[in-house]
Amino acid sequence: IFFKIKCQGHQQQCPPPSGNQSLNERRLCKGITKCKKIARLWKRKFSTRIFFQYSILLDLLLKDEFESYLRFILSYEKYVKDWILNEMLEHFSNEATTNAFEEQHIKSSIIWITDAVDEAKQKDCVNLRKFVEDICKELGDKLIIPQDALGAFMILNNADWEQFALSLKESVTEMGHSLTEIFKKKQFFEKLQSLHLKPQNELFTKLIGCGRQCPFCKSPCEAGGKEHTEHWASLHRPTGLGKYRSVFSSKLVTNICSSLVITDRNFRCHETNYTSHPYKLYKKIFRAWKIVPDVSLEASNYWKYVMTKYNDDFAKAYKAKSAKIPEAWKNVTYKQAAESLKESFSIK
Ligand SMILES: [Zn+2]
Ligand SMILES: [Zn+2]
């Protein structure tokens, strides 16, 4: 959806090719070709709900930050929309969407400054103050330099001005790079903001559907679109990640809901008015959910790894006691966690 909006937008502005096409028009057309190229690369990540889920979970693993996991679990919709937006900023800010004029302006400014430094170096410099004043004079008609900004480094008046000249040139070049980056991101962000259809919301609806989460473990519903009568998820998690704890010990629970629904155990939550209710009869409480029983009784290595690593953090965030982690979970490696993701989503 987004690519259509973006690319069509450009195409409408793009005039039919003619002999005297201006440089900027040619740039614009080149931009569209690039835009299509990124679209292809990007297509896989956003191609199916499954691959999208896989990408977002893998990204969490790579980030390796507790805060991100917590936001992903507790504010799923917001997290995913922000994630999509951020992916767009990353991918498009480098490419077709940037405005060549401003980029050129930054480049020229850097050239002016470095030229002015070289020019000033030719003159007879007695000290740093004189040297800086010469640079400012050179730049006088091109750039506005606030006088109070100069005062700050006049303390260095006795410093080696040749060394100073060298450092100045280096830092200006560096500044140019980071300015260009900041500028690209900002500009693209503003363009996104001005779009009537928010691409991150469109993609969310298309790829995520209803946005509901499992009432026990908070796994997102994987049924397509918004129109479905039953919510389901293929990969459930230890319910402690969804804030479930033992009534007696307050320890977070490591069992997964798809296994709990075939046991004789009970749960209590807001929806049951905090009275005990059998897991087997969860459907009486959560009518719209279908939790397919899983006889393996095992969580995926991915969630074993995450819960083991951040056990204390989750306990603190949920105001509970840390879970008693099964010994075997402690041996699950980062690599195994990543591999289990591929298995869970059947990614080759
Ligand atoms: Zn669940
Ligand atoms: Zn659903």
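**Notes on the overall build of the chain**
Here's step 1: Scanning the chain from N- to C-terminus turns up 15 helices and two strands.
Here's step 2: Relative to its 348 residues, the chain shows a buried fraction of 23%.
Here's step 3: For the chain, long-range pairs separated by at least 24 residues make up 62% of all intrachain contacts whose partners lie at least 6 apart in sequence.

**A closer look at the nonpolar core**
Here's step 1: Among the nonpolar cores identified, the biggest contains 43 residues, and Cys257, Tyr302 and Val306 are the most heavily contacted of them.
Here's step 2: Every element with two or more residues in this core is listed here: helix H3 (49–63), helix H4 (66–74), helix H5 (76–92), helix H10 (199–207), helix H11 (257–260), helix H13 (301–309) and helix H15 (334–344).
Here's step 3: If one sorts the elements of this core by residue count, H13 sits on top with five residues.
Here's step 4: Structurally, this core is a two-domain feature, drawing no fewer than three residues from each of domain 1 (2–98) and domain 3 (239–344).
Here's step 5: Setting aside its immediate chain neighbours within four residues, cysteine 257 contacts Cys214, Phe216, Cys217, His236, Thr239 and Ile291.

**Points about the packing of H13 against H15**
Here's step 1: Where H13 meets H15, the closest approach of the two axes is 7 Å, and the angle between their N-to-C directions is 140°. Counting all contacts with H13, which are made through Asn301, Tyr302 and Tyr305, the residues of H15 involved are Tyr334, Gln336, Ala337, Ser340, Leu341 and Ser344.
Here's step 2: When its residues are assigned to classes, the contact of H13 with H15 shows five nonpolar, four polar and no charged.

**Overview of helix H7 (residues 128–139)**
Here's step 1: Between its first and last C-alpha, H7 extends 17 Å over twelve residues, near the 16 Å set by a 1.5 Å rise per residue.
Here's step 2: Of the residues making up H7, those classed as buried are Phe131, Val132 and Ile135. Take H7 and look down its axis: the buried residues cluster within an arc of 95°, on one side only.

**As for the packing of H3 against H15**
Here's step 1: H15 packs onto H3 with a crossing angle of 175° between their chain directions and a minimal axis gap of 10 Å. Taken together, H3 and H15 sit at an angle that is classed as roughly antiparallel. Side by side, H3 and H15 meet where Tyr54, Leu57, Leu58 and Leu61 of the first sit next to Ala337, Ala338 and Leu341 of the second.
Here's step 2: The class makeup of the residues in the contact of H3 with H15 is seven nonpolar, no polar and no charged.

**Thoughts on the environment of glutamate 271**
Here's step 1: Here glutamate 271 lies in the loop between strand S1 (266–267) and strand S2 (277–278).
Here's step 2: Judged by local crowding, glutamate 271 falls into the exposed class, with 12 C-beta atoms found within 10 Å.

**Brief notes about the environment of valine 117**
Here's step 1: In this structure, valine 117 sits in helix H6 (residues 100–122).
Here's step 2: In sequence terms valine 117 and glutamate 138 are 21 residues apart; their C-alpha atoms lie 8.5 Å from each other.
Here's step 3: In this structure valine 117 touches Ile135, Ala165, Leu168 and Lys169, once residues within four positions along its chain are discounted.

**A word on the confidence of the model for the chain**
Here's step 1: The predicted model of the chain has a mean per-residue pLDDT of 79, with 76% of residues at 70 or higher.
Here's step 2: By mean pLDDT, the top-scoring element of the chain is helix H14 (residues 311–317) (97), and the lowest-scoring one is helix H1 (residues 2–13) (34).
Here's step 3: Segment residues 1–22: pLDDT under 50, and 26 contacts once partners within four positions in sequence are set aside and those in other chains are kept.
Here's step 4: Confidence over residues 24–29 falls short of pLDDT 50; this stretch has eight contacts with residues more than four positions distant or in other chains.

**Comments concerning unusual backbone geometry**
Here's step 1: The phi angle at aspartate 64 is positive, at roughly 60°, despite the residue not being glycine.
Here's step 2: Assignment of secondary structure puts aspartate 64 in the loop between H3 and H4.
Here's step 3: A residue is classified by how many C-beta atoms lie within 10 Å of it, and aspartate 64, with 12 of them, is exposed.
Here's step 4: Positioned with a positive phi, serine 250 is a non-glycine residue whose angle comes to about 65°.

Definitions and cut-offs
- Residues numbered from 1 in each chain as written.
- Chains lettered and ligands numbered in written order.
- Predicted model: local features only at pLDDT ≥ 70, side-chain atom pairs only at ≥ 80, totals over all residues.
- Helix = DSSP H or I, 4+ residues; strand = E, 2+ residues; numbered from the N terminus.
- Buried ≥ 20, exposed ≤ 12 C-beta atoms within 10 Å, placed from the backbone.
- Contact = placed C-beta atoms within 7 Å.
- Core = buried A, V, L, I, M, F, W, Y, C linked by C-beta atoms within 7 Å.
- Domains from an automatic or database assignment.
- Axes fitted to C-alpha atoms, helices over the stretch in contact; angles between N-to-C directions.
- Nonpolar A, V, L, I, M, F, W, Y, C, P; charged D, E, K, R; others polar.
- Expected span 1.5 Å × (residues − 1).
- Arc of directions from axis to C-beta.
- Parallel < 35°, antiparallel > 145°, perpendicular 65-115°, else oblique.
- pLDDT = per-residue confidence, 0-100.

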